[in-house]
Amino acid sequence: MNRPILNGRSLLDILKTDEDPIAALPTLKAIADREAQIRREPKGAGKHLKSLNDVLCESSVSIYERS
């Protein structure tokens, strides 16, 4: 309701004026459909995941590096 998604205005801004909110419905539906699709995708989908060994190698400090 308060997100500025309609040319910098929110649905609430449009409802406060005399404008017809029906004109905003196609845009709102497209945004809602896109966000619903994103929520349905598994988290991390399409991202390259590192193995546990790779992560440990990157974050561990060798005892030989300390002087």
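Scoring rules and cut-offs
Residues numbered from 1 in each chain as written. Predicted model: local features only at pLDDT ≥ 70, side-chain atom pairs only at ≥ 80, totals over all residues. Heavy atoms only, no water. Helix = DSSP H or I, 4+ residues; strand = E, 2+ residues; numbered from the N terminus. Buried < 20%, exposed > 50% of the residue type's maximum accessible area, 1.4 Å probe, protein only. Areas by Shrake-Rupley, 256 points an atom, 1.4 Å probe, with all protein chains shown as cover. Polar contact = N/O pair within 3.5 Å; in protein donor to acceptor, adjacent residues only side chain to side chain. Core = buried A, V, L, I, M, F, W, Y, C linked by side-chain atoms within 4.5 Å. Contact = heavy atoms within 4.5 Å. Expected span 1.5 Å × (residues − 1). Arc of directions from axis to C-beta. Salt bridge = Lys/Arg side-chain N within 4 Å of Asp/Glu carboxyl O.

1. Considerations on the overall build of the protein chain
Thought 1: Regarding its fold elements, the protein chain presents three helices and zero strands.
Thought 2: When burial is assessed residue by residue, the protein chain has 12% of its 67 residues classed as buried.
Thought 3: Carbon and sulfur atoms make up 57% of the accessible area of the protein chain, which totals about 6,100 Å².

2. A few points about the environment of Arg40
Thought 1: Inspection of the secondary structure assignment puts Arg40 in helix H2 (residues 25-40).
Thought 2: A polar side-chain atom of Arg40 sits 3.0 Å from a polar atom in the side chain of Gln37.

3. Section: the nonpolar core
Thought 1: If you look at the biggest cluster of nonpolar residues, it comprises five residues: Leu6, Leu11, Ile14, Ala24 and Leu28.
Thought 2: Residue contacts for Leu6: discarding those within four places in its chain leaves Leu11, Ile14, Ala24, Thr27 and Leu28.

4. A word on H2
Thought 1: Over its 16 residues, H2 runs 22 Å from end to end, which matches the ideal 22 Å to within 8%, given 1.5 Å per residue.
Thought 2: If you check which residues of H2 are buried, you get Leu28, Ile31 and Ala36. Buried residues of H2 fall within an arc of 135° about the axis and therefore sit on the same side. Of the exposed residues in H2, the ones pointing more than 90 degrees away from its buried face are Pro26, Lys29, Arg34, Ile38 and Arg40.

5. Some thoughts on the side chain of Ser10
Thought 1: Looking at the secondary structure, you find Ser10 in the segment before helix H1 (11-16).
Thought 2: Using a relative accessible area of 2% as the deciding quantity, one classes Ser10 as buried.

6. Comments concerning the pattern of salt bridges
Thought 1: For the coordinates displayed, the defined rule picks out three salt bridges.
Thought 2: Of the charged contacts, one joins Glu35 and Arg3 as a salt bridge, the two residues approaching to 2.8 Å between their closest N and O atoms. Placement of Glu35 in helix H2 and of Arg3 in the segment before H1 is noted, with a sequence separation of 32 residues between them.
Thought 3: By relative accessible area, Arg3 is classed as partly exposed at 45%.
Thought 4: Where Lys29 meets Asp33, a salt bridge forms, and the shortest distance between an N and an O atom there is 2.8 Å. Here Lys29 and its partner Asp33 are both found in helix H2, four residues apart, which amounts to about one turn of the helix.

7. Points about unusual backbone geometry
Thought 1: Here Asn7, not a glycine, exhibits a phi torsion of approximately 55°, which is positive.
Thought 2: Structurally, Asn7 can be placed in the segment before H1.
Thought 3: Look at Asn7 and you get exposed, because its relative accessible area is 80%.

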